[in-house]
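Structural overview for review
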Amino acid sequence: MGACLFIGWNDNGQRESNFQRTGGFVNGNYWDAFGNLLDAVLLPDHPKLHEIIKSEEGEYLKFYSFVELDKVGFNQAVKLIRDYIAKQKNPTEWQKMANVVWVDVAEPYIIQDERYDARS
């Protein structure tokens, strides 16, 4: 079983009620691995970001979401995750799985999101 990773909204001039979340479906084991990455990166020093992205609601409905982050929080989370991944020297299998989720599922939507600041 899998879960969803939501990054933002698809705003193609549609009414707000017709907006769709952008993101992708993630295999269950990869979703768990990505959750471990979020815990490692955000929980110790950025619990508010962690709470927004990995909300309690997501534990039951199986999703992680960057949708509710403002521009500053969005770019801070992106930078923290990128920095953490870049510093991994010998990633475990779980870290490799989480990195695949980040690179293949999250990044394509992140760089298209209107909140994204490429200088982050």
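Note that this is a predicted model, so its numbers are computed, not measured.

Topic: the overall build of the protein
- Of the regular secondary structure elements, the protein holds five helices and three strands.
- Listing each helix as α and each strand as β along the protein from the N terminus yields β-β-α-α-α-β-α-α.
- The burial tally for the protein puts 41% of its 120 residues in the buried class.

Considerations on the environment of V101
- As for its placement among the helices and strands, V101 is situated in helix 5 (residues 93-110).
- Assessed through its relative accessible area of 3%, V101 is described here as buried.
- In the structure, V101 is positioned 96 residues away from L5 in sequence and 8.9 Å away in space, judged by C-alpha atoms.
- With residues up to four places along the chain from it excluded, the contact list for V101 reads L5, V26, Y30, F34 and A106.

Conventions adopted
- Residues numbered from 1 in each chain as written.
- Predicted model: local features only at pLDDT ≥ 70, side-chain atom pairs only at ≥ 80, totals over all residues.
- Heavy atoms only, no water.
- Helix = DSSP H or I, 4+ residues; strand = E, 2+ residues; numbered from the N terminus.
- Buried < 20%, exposed > 50% of the residue type's maximum accessible area, 1.4 Å probe, protein only.
- Contact = heavy atoms within 4.5 Å.

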